[in-house]
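Commentary on secondary and tertiary structure
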Amino acid sequence: MVDEVREIIKKGDNFLLTTHIHHDGDSVASELALALTLKKLGKRFHIFNNDPVPYRYKNFPYIELATTQPPPFDYEFIFVLDCASLSRTGKIREKINFENKTVINIDHHMSNERFGDINIVQPVSSTSEIIYDIIKDLVEIDRDIATYIYMGISTDTGGFRYPNTTSHSLEIASLMVKLGADPGKIGELVWFTNPERRIKLLGKVLTTLDVRDGVAFIHVTRRMMEELGANEDDTEEFVDFPLSIEGIKVAVFLKERDGGVIKASLRSKKGVNVEKVAREFGGGGHKNASGFEVNGYDMEKLKEVLMEKICLS
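What counts, and where the lines are drawn
- Residues numbered from 1 in each chain as written.
- Predicted model: local features only at pLDDT ≥ 70, side-chain atom pairs only at ≥ 80, totals over all residues.
- Heavy atoms only, no water.
- Helix = DSSP H or I, 4+ residues; strand = E, 2+ residues; numbered from the N terminus.
- Buried < 20%, exposed > 50% of the residue type's maximum accessible area, 1.4 Å probe, protein only.
- Contact = heavy atoms within 4.5 Å.
- Salt bridge = Lys/Arg side-chain N within 4 Å of Asp/Glu carboxyl O.
- Phe/Tyr/Trp six-rings, centres within 6.5 Å; stacked < 30°, edge-to-face > 60°.

Here threonine 208 shows up in the loop between α8 (196–206) and β7 (210–212). For threonine 208, a relative accessible area of 14% translates into the label buried. Those residues within four positions of threonine 208 in sequence are excluded, and the remaining contacts are Phe217, Ile218, His219 and Met224.

Next up on the list: the pattern of salt bridges. When the charged atoms of two side chains lie near each other, side chains of opposite charge can form a pair. What the rule picks out here adds up to 22 salt bridges. As a salt-bridge pair, arginine 56 and glutamate 237 come within 3.6 Å of each other at their nearest N and O atoms. Of the two residues, arginine 56 is situated in the loop between β2 (44–48) and β3 (66–67) and glutamate 237 in the loop between α9 (222–228) and α10 (240–243); the sequence distance between them amounts to 181 residues. Glutamate 237 shares its class with arginine 56; the two are buried. Glutamate 227 is the partner of arginine 223 in a salt bridge, and the nearest nitrogen-oxygen pair spans 3.4 Å. Residue arginine 223 and its partner glutamate 227 are located together in helix α9, separated by four residues, close to a single helical turn. You can call arginine 223 exposed: its relative accessible area is 60%. The class for glutamate 227 is partly exposed, based on a relative accessible area of 46%.

In this structure the tally under the stated criterion is eight aromatic pairs. Taking the centre distance of 6.4 Å and the plane angle of 45 degrees together, the rings of tyrosine 57 and phenylalanine 60 count as tilted. One exposure class covers both tyrosine 57 and phenylalanine 60, and it is buried. Centroid distance tyrosine 150 to phenylalanine 160: 5.9 Å. Interplanar angle 65 degrees. Geometry classified as edge-to-face.

Spelled out as structure tokens, the structure:
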């Protein structure tokens, strides 16, 4: 499959790249690393995403290539990156033409629905790790591409703290540093450039902490965000805080969205499989990091249902 994708990149001319809604470091990084590879090869490409780039990634090189604008040209190949299902692309699914196109699905979520004409789904640290394995023999990896590969791996491994960190991901990260990626600068941009509103929102969210038999819940409401002028990007990685509590096996972060939708982010340790729980609600992800969206629940009722499901997992 990897060789097939390499041949498509070599021989193809026009490429469209997209990823999931509310994209994160790995999705941004895998798109940009692939886009810069296509740029080096003289290919025509366009990145079209549902959402603008989150603030913490806006100072990275060539980030302006990631747009919310439809492609200005026709395309032969569509890369869908770091996205477990086409529905997770948001409005992109309705705004681009999939007919008579080759869809290349590259992802590391084992809940992936294998919707592509070509599917490369591998249980590795990040989609960026898979992108590296595809492009390493296509172009000379320069500082900018190395920066994105490193950034994608480091963000999806939580700074190399999560169980998905492997010797292979560390080897790639090390190589990217040798090729010019600056871990200190990348770390500062990603984790140490928080707007004041994010820290204030975190303070509010942590007051909602609710611990029940090894499971820690926190939540955020639309009103809490509106009061501080915050948005959902500002809540990234909040779920890690309750997981850090001694004795906690599962952390759940509930986010209120428009139309009565609640987004649940689940993280676990001590061998608890939260992907099984998320799948029961139509979501998915990884054993230790998963999520889903539901409608028709209030926060308290959803907590009760999740406690029952988590205890059975």
